[in-house]
Amino acid sequence: MAEIYSVHFGVLNLGELPSEISEIGDDWETTFKGKRAKILTNLQRVVPDETAYRSVIVDRSNEGYASFISESHPDFNKIMLKRKTKMPARASDYIANRDAAFAEGGDFESGITANKGAFMNNVKVILRVVGDRDKVYGAIPKLSFALDGKKELLEEILNDTYDHLITQTDLKRFFVKKAFKTSVVAIANEALAYVVYAIDAGYDDTWITSNIADVYNPMLAAMINSNTVNSELDPTACSITIEKDATTGRWGIKLVEATPS
């Protein structure tokens, strides 16, 4: 075999994300708060009064719960009696608390603001894997370009700080069908997100290797065979792996293309 292309795409560090990402959280908060009145209107339409509360919430809830625990449960009758006697009495509280929660400045809006930080933490993990196309490219879109054989475009967006271009003789389209590429990109995206979560949680390289790389690499390897890979390439010498690069010191995904000898 002859290796024609080899490259490692590293995940981004938190400080490498553009400062403008704060706008994502602001937009999320504004959008959800803007739906407050519509959500309340819909809730009031479905459960307008205490009678509707009993039929829509109490009766349906009890039917579902009874089916869930089944009559074989030793305390079935006791559990259902407790629900049937206590839940209807909460009808007026439900109506009052619901309307108060969805009032302007109520618990719904304050809850959104309180959870904005948690939402942004998840967004930052995603962006460290995929990047922000307008400002910085992450490992996943680079992998996508590489699998499509877009050598010139790919090499324009590589960054020596977190990417390691090892061999660049030629780059060919990797898979024979788009569906194969889509599956591989999805697997890699999921794996790298877990890698970033693990790094942030303080796990070391050994743990990440055993619990993430060793789990996802067999999935990626299973996608590479003579039925899926471009006939110009040697599937036995090609690889896509989750690993840490010694040169950049980054976890990421490595792609190797090789042609038959």
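The coordinates are above.
What comes next is a walk through the structure. Nothing here was measured: the structure is a model prediction, and the numbers come from that model.

Let's talk about the environment of Ala-100
Logical step 1: Secondary-structure assignment places Ala-100 in helix α5 (residues 91–101).
Logical step 2: The spacing of Ala-100 and Leu-40 is 60 residues in sequence and 10.0 Å in space, taken between C-alpha atoms.

Quick look at helix α9 (residues 178–201)
Logical step 1: For α9, spanning 24 residues, the distance from its first C-alpha to its last is 35 Å, which sits close to the expected 34 Å at 1.5 Å a residue.
Logical step 2: Looking at α9, one finds that the buried residues are Lys-181, Val-184, Val-185, Ile-187, Ala-188, Ala-191, Leu-192, Ala-193, Val-195, Val-196 and Ala-198.
Logical step 3: Once α9 finishes, Gly-202 follows within two positions and takes phi at roughly 90 degrees, a positive value.

As for the sheet that holds strand β6 (residues 251–259)
Picture the strands of a sheet paired through backbone hydrogen bonds; they go either parallel or antiparallel.
Logical step 1: With antiparallel pairing, the four strands of this open sheet are ordered in space as β4-β1-β6-β5. Among the strands making up the open sheet, the edge pair consists of β4 (163–168) and β5 (239–244). Averaged over all pairs of adjacent strands, the angle between strand axes in this sheet comes to 15 degrees, irrespective of strand direction.
Logical step 2: Pairing geometry for strand β1 (residues 2–10) and β6, over eight bridges, is antiparallel. Counted as the bridge partner of Ser-6 is Val-256 from β6.
Logical step 3: Taken strand by strand, α9 contacts β5 and β6, and its axis lies near 145 degrees from that of β6.

What counts and how
- Residues numbered from 1 in each chain as written.
- Predicted model: local features only at pLDDT ≥ 70, side-chain atom pairs only at ≥ 80, totals over all residues.
- Heavy atoms only, no water.
- Helix = DSSP H or I, 4+ residues; strand = E, 2+ residues; numbered from the N terminus.
- Expected span 1.5 Å × (residues − 1).
- Buried < 20%, exposed > 50% of the residue type's maximum accessible area, 1.4 Å probe, protein only.
- Pairing = 2+ DSSP bridges.
- Axes fitted to C-alpha atoms, helices over the stretch in contact; angles between N-to-C directions.
- Contact = heavy atoms within 4.5 Å.

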